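Coordinate inspection notes
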Amino acid sequence: MQPLKGITVLEFSQYLAGPYAGLRLADLGARVIKVERPGSGDACRSLATKDLWVEGDSLLFHTINRNKESFCADLKNPHDLNAVRQLIAQADVMTHNFRPGVMEKIGLDYTSVKALNTQIIYGEVSGYGNEGPWVHKPGQDLLAQAVSGVGWLSGNRSDGPVPLGLAIADMLCGTHLAQGILAALVRRKKLGIGAKVQASLLESMVDFQFEGLTTYLNNGRQLPTRSEIANAHAFLGAPYGIYQTSDHWIAISMGPLGPLAEALQCPALNKSDSEAFSQRDAIKAVLAEHLRTQTTDHCTQTTDHWMARLNAAGIWASEVVDYDQLLHHPAFKAVAMELQVSRPASSADHSSSDKSAVTVNTTRCPLRINGQRFTSAKAAPRLGEDTDHIRNSLRESSNQREAAQ
């Protein structure tokens, strides 16, 4: 049983953060209708990763908009705007990430929408909130990372600021928006009233760093200092980091240095907990050299050798894998995260004789409830493919109301 079955979400959001929230809600059973501009649709349709495209839409769009419907409406057109208002009157949730003032200008701000539907949950995504000097700054992932301080946590001390290699601000903000919407739905069930839920990229990135910022605020406001080598956490001492071996890489987590020194037969690592911080760089340098060059009987020790010793001693460590190794690993197969979605060939496309379905390999929703995994085989919608069906449904509803009167 999908817990959000029967919930309807109108998604005016574009790009990643808002649509990511919609993806999570759709995974849990909600009907998510993307309201898109005619002709071009969600701008994410033309935002490619690695120049990959599926039927004219970016692969990125497909990853974040599966299991949704597409309804085209020109919000500057009174006829289309009236249809949108009818949808709002019937919906449970709507989300948008328009710049401040846009929704007010077209009469779809929270106050106006609440007059149409007092119980609606109104989700709003911004880059930096609706007040302050950054209100009109572009709400883009890399820019949000740049102003959040997170760039000074990754990489080694000699590096400049290093961004995280994923759209982490968007994903976190979308996750927070989905959490807020779910909380507001529970509140509505109890009190019978709607709510406005707001999330911003900046606030999500600040929350993401609560561990580091709390340390900073309670430690004399000292900025984090990255390790000279093997930096994996700017606030933690040795051995926390990733180290090269003779044939690969090993990640070693936190823990006392004494057992590590014994397991690796490296007495120079036997330092106190306090020295793990005060001598962090020197200890990491010794560890890195030992793992990379130590030999026995003229044979340089491999990752497997070191992992066997670390595992036997109960030290928290792991080999470092790439995507190919991950996808072929029994642990990945056990959690069954890979998902294939598809959509039928378009009957309206007369330019090609190939009418086979289009498939995209992606990943499923990571949640499980009572052991149930949430999967859907429905790929992202073509632009406007559900417009006629939705308009017909609105006309039928209008006719039924008139007949009842």
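Before reading further, recall that the structure is shown in the block above.
Anyway, here's the lowdown on the structure attached to this text. (Residues numbered from 1 in each chain as written. Predicted model: local features only at pLDDT ≥ 70, side-chain atom pairs only at ≥ 80, totals over all residues. Heavy atoms only, no water.)

With respect to the overall build of the protein chain
- Scanning the protein chain for helices and strands turns up 16 helices and 17 strands.
- Taken across its 405 residues, the protein chain has 42% of its residues classed as buried.
- Taking all contacts inside the protein chain whose residues are at least 6 apart in sequence as the whole, residues at least 24 apart take part in 68%.
- With the model as given, the accessible surface of the protein chain reaches about 21,700 Å², and the carbon-plus-sulfur share is 54%.
- Here the protein chain carries 39 positive and 41 negative side-chain charges, and the mean point of each set is 6 Å from the other. (Helix = DSSP H or I, 4+ residues; strand = E, 2+ residues; numbered from the N terminus. Buried < 20%, exposed > 50% of the residue type's maximum accessible area, 1.4 Å probe, protein only. Contact = heavy atoms within 4.5 Å. Areas by Shrake-Rupley, 256 points an atom, 1.4 Å probe, with all protein chains shown as cover. Lys, Arg positive; Asp, Glu negative; His and termini not counted. Charge placed at Lys NZ, Arg CZ, Asp CG, Glu CD.)

What to know about the sheet that holds strand β13 (residues 317-319)
- With antiparallel pairing, the three strands of this open sheet are ordered in space as β9-β10-β13. Since the sheet does not close on itself, it has two edges, and those belong to β9 (241-244) and β13, each with one partner. Between one strand axis and the next, the sheet turns by 25° as a mean value, whatever way the strands run.
- Together, β9 and β10 (249-252) form the strand contacts of helix α12 (residues 280-293), whose direction differs from that of β9 by roughly 35°. (Pairing = 2+ DSSP bridges. Axes fitted to C-alpha atoms, helices over the stretch in contact; angles between N-to-C directions.)

Section: the environment of Val84
- On the secondary structure map, Val84 appears in helix α3 (residues 78-90).
- A sequence separation of 118 residues divides Val84 from Leu202, and the C-alpha atoms of the two residues are 30 Å apart.
- Contacts of Val84, omitting those with residues within four sequence positions, involve Phe12, Val35, Phe71, Ala73, Leu75 and Leu108.

A few points about unusual backbone geometry
- Going from Ala238 to Pro239, the amide bond is cis rather than trans, its omega being 10°.
- Relative to the elements of secondary structure, Pro239 occurs in the loop between α9 (210-217) and β9.
- In this model, Lys50 sits at a positive phi of 55°, which is unusual for a non-glycine residue.
- Within the secondary structure, Lys50 is located in the loop between β2 (31-36) and β3 (53-54).
- On the basis of relative accessible area, Lys50 is assigned to the exposed category, the value being 76%.

Describing helix α1 (residues 17-27)
- Most of α1 is tucked away, with eleven of its eleven residues classed as buried.
- Residues Ala17, Gly18, Pro19, Tyr20, Ala21, Gly22, Leu23, Arg24, Leu25, Ala26 and Asp27 constitute the buried set of α1.
- The inward-facing, buried residues of α1 abut β1 (8-11), β2, α2 (59-64), β7 (121-126), α7 (168-191) and α8 (201-208).
- Positive phi shows up at Gly29, right after α1, with a value of about 110°.

As for the pairing of strand β15 (residues 358-363)
- By the alternation rule, side chains of β15 split into Val358, Val360 and Thr362, which are all buried, and Thr359, Asn361 and Thr363, of which none is buried.
- Across six bridges, the pairing between strand β14 (residues 338-343) and β15 is antiparallel. Across the sheet, Val341 pairs through a bridge with Val360, a residue of β15.

Here's the deal with the packing of aromatic side chains
- A complete count under the given rule lists two aromatic pairs for this structure.
- Ring geometry for Tyr128 and Trp134: centres 5.8 Å apart, planes at 70°, overall edge-to-face.
- By relative accessible area, which is 34% here, Trp134 ends up partly exposed. (Phe/Tyr/Trp six-rings, centres within 6.5 Å; stacked < 30°, edge-to-face > 60°.)

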